Amino acid sequence: MRVRTVAVVLILGVVILGAALFVTSAGGFSARSEPTAAERIVARALRRWATPRQARTATNPVPFSSDAWAEARAHFADHCATCHANDGSGQTDIGRNLYPKAPDMRLAETERLTDGELYWIIENGIRLTGMPAWGQGGSDDADTWKLVHFIRHLKDLTPEQLAEMESLNPKSPADIQEEREDLDFLSGKDPERQATKGAHQHPKE
Ligand code: HEC
């Protein structure tokens, strides 16, 4: 019996060591690489199992309305778009360089999550990923339920709504200054200066 236990522990040790070696040989701890298909499947399955059934089957208590949608757009633009992008694609400097990456929430994988699961994720975050917990863990945070509506309506966003969201994205003092200078340049107040749109982007490899 004892020999068996030792054997199991040894085998487990070898498997864990093997997995660690595999991870490190496949690009070390760089966040740049994509999680493997196996990692993705295991992580999603664990996430699902770890969500209490009651939370998973909860229905959205906030009725969808144009006001709720507008509020959620502003909220998302301010708190979430840094990683997820206004359109939910995850195509931002931060979102596409996290490990795991911010997902494209317009795709079926996200659509398949229940309203309750989306709420649970936003409220509690996802451990060992860049996704923070945004709530206190309760089940009746109306702002979070409105964000669930927002995610359900990503495909309905109009170019005007996206432009409005862009104006609500967080900006650094340097961004604001740059925008002001660009406006001055474009309105002819400061013809010496050249418009610098995009000058702060990091060079692509
Ligand atoms: C700092 C970056 C960051 C911010 C800010 C952020 N998220 Fe996330 N989010 C992530 C990452 C990374 C994942 C993917 C985690 C994973 O693969 O398990 C994620 C996953 C999600 C998911 C699960 C989608 C799916 O299909 O698995 C939802 C829903 C979500 N975020 C909503 C939000 C909302 C709403 C906000 C704003 C209140 C927000 N996130 C802010 C990084 C972020």
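Look up: the structure comes first, before these words.
Before going into details, it helps to say that this report is about the structure given with it. Model, not experiment: these values are computed from the prediction. (Residues numbered from 1 in each chain as written. Predicted model: local features only at pLDDT ≥ 70, side-chain atom pairs only at ≥ 80, totals over all residues. Heavy atoms only, no water.)

**Quick word on the overall build of the protein chain**
Within the protein chain, the secondary structure is distributed over 10 helices and zero strands. Within the protein chain, buried positions represent 26% of all 205 residues. Sequence separation of at least 24 residues holds for 57% of the intrachain contacts in the protein chain that already meet a minimum separation of 6. Just so you have it, the protein chain exposes about 14200 Å², and 60% of that area is on carbon and sulfur atoms. (Helix = DSSP H or I, 4+ residues; strand = E, 2+ residues; numbered from the N terminus. Buried < 20%, exposed > 50% of the residue type's maximum accessible area, 1.4 Å probe, protein only. Contact = heavy atoms within 4.5 Å. Areas by Shrake-Rupley, 256 points an atom, 1.4 Å probe, with all protein chains shown as cover.)

**Things to note about the coordination of the iron atom of the ligand**
Six octahedral donors at a metal ideally form angles of 90 or 180 degrees, and four tetrahedral donors ideally form angles of 109.5 degrees. Within the protein, His84 (NE2) and Met131 (SD) serve as the donor atoms for the iron atom of the ligand, at 2.0 to 2.2 Å. Around the iron atom of the ligand, the six donor atoms are arranged such that angles at the metal cover 86 to 178°; this shape is classified as octahedral. Here Met131 lies in the loop between helix H7 (115-124) and helix H8 (142-152) and His84 lies in helix H5 (residues 81-84), a separation of 47 residues in the sequence. Looking at His84, the relative accessible area reads 12%, which means it is buried. Overall, Met131 belongs to the buried group, its relative accessible area being 19%. (Donors = N, O, S within 2.8 Å, 3.2 Å for Na, K, Ca; no water. Tetrahedral: all angles 85-135°; square planar, octahedral: opposite > 155°, others 65-115°.)

**Remarks on the side chain of Asn60**
Structurally, Asn60 can be placed in the loop between helix H3 (53-56) and helix H4 (66-79). A distance of 3.2 Å separates a polar atom in the side chain of Asn60 from the backbone oxygen of Trp145. (Polar contact = N/O pair within 3.5 Å; in protein donor to acceptor, adjacent residues only side chain to side chain.)

**What about the packing of aromatic side chains?**
Counted according to the given criterion, the structure contains three aromatic pairs. Aromatic pair Tyr119 and Trp145: ring centres 4.2 Å apart, planes at 20°, arrangement stacked. Separated by 26 residues along the polypeptide, Tyr119 in helix H7 and Trp145 in helix H8 bring together distant segments of the chain. Above the ring of Trp69, the side-chain terminus of Arg73 is found at 5.0 Å from the ring centroid. (Phe/Tyr/Trp six-rings, centres within 6.5 Å; stacked < 30°, edge-to-face > 60°. Lys NZ or Arg CZ within 6 Å of the ring centre and 35° of its normal.)

**Some thoughts on H4**
The end-to-end C-alpha distance of H4, which contains 14 residues, comes to 20 Å, matching closely the 20 Å that a straight helix rising 1.5 Å per residue would cover. Its buried side turned inward, H4 meets H5, H8 and helix H9 (159-168). (Expected span 1.5 Å × (residues − 1).)

**A short note on the site of the ligand**
Taken together, 25 residues lie near the ligand, and Cys80, Cys83, His84, Thr110 and Met131 sit nearest. Arg44 has a polar side-chain atom sitting 3.2 Å from an oxygen atom of the ligand. A distance of 2.6 Å separates an oxygen atom of the ligand from a polar side-chain atom of Thr110. Put simply, the parts of the chain that give the shell around the ligand at least two residues each are helix H2 (37-50), H5, H7 and H8. (Near = heavy atom within 4 Å.)

**Observations concerning the nonpolar core**
Judged by nonpolar contacts, the single largest core of 22 residues is most densely connected at Phe76, Val148, Phe150, Ile151 and Leu154. Sorting the residues of this core by element identifies H4, H7 and H8 as the ones contributing at least two each. The greatest single-element share of this core, amounting to five residues, is contributed by H8. Among residues more than four places away in sequence, those in contact with Leu154 are Asn86, Asp87, Gly88, Met105 and Arg106. (Core = buried A, V, L, I, M, F, W, Y, C linked by side-chain atoms within 4.5 Å.)

**Some words on the packing of H7 against H8**
Angle between the axes and distance between the axes: these two values describe a pair of packed helices. H8 packs onto H7 with a crossing angle of 120° between their chain directions and a minimal axis gap of 9 Å. With respect to H8, the element H7 is oriented oblique. Taken as a pair, H7 and H8 cross one another with a handedness that is right-handed. Of the residues in H8, those touching H7 at Asp115, Gly116, Leu118, Tyr119, Ile122 and Glu123 are Thr144, Trp145, Leu147, Val148, Ile151 and Arg152. Tallied by class, the residues present in the contact of H7 with H8 amount to seven nonpolar, two polar and three charged. (Axes fitted to C-alpha atoms, helices over the stretch in contact; angles between N-to-C directions. Parallel < 35°, antiparallel > 145°, perpendicular 65-115°, else oblique. Left-handed = near helix turned anticlockwise from the far one by under 90°. Nonpolar A, V, L, I, M, F, W, Y, C, P; charged D, E, K, R; others polar.)

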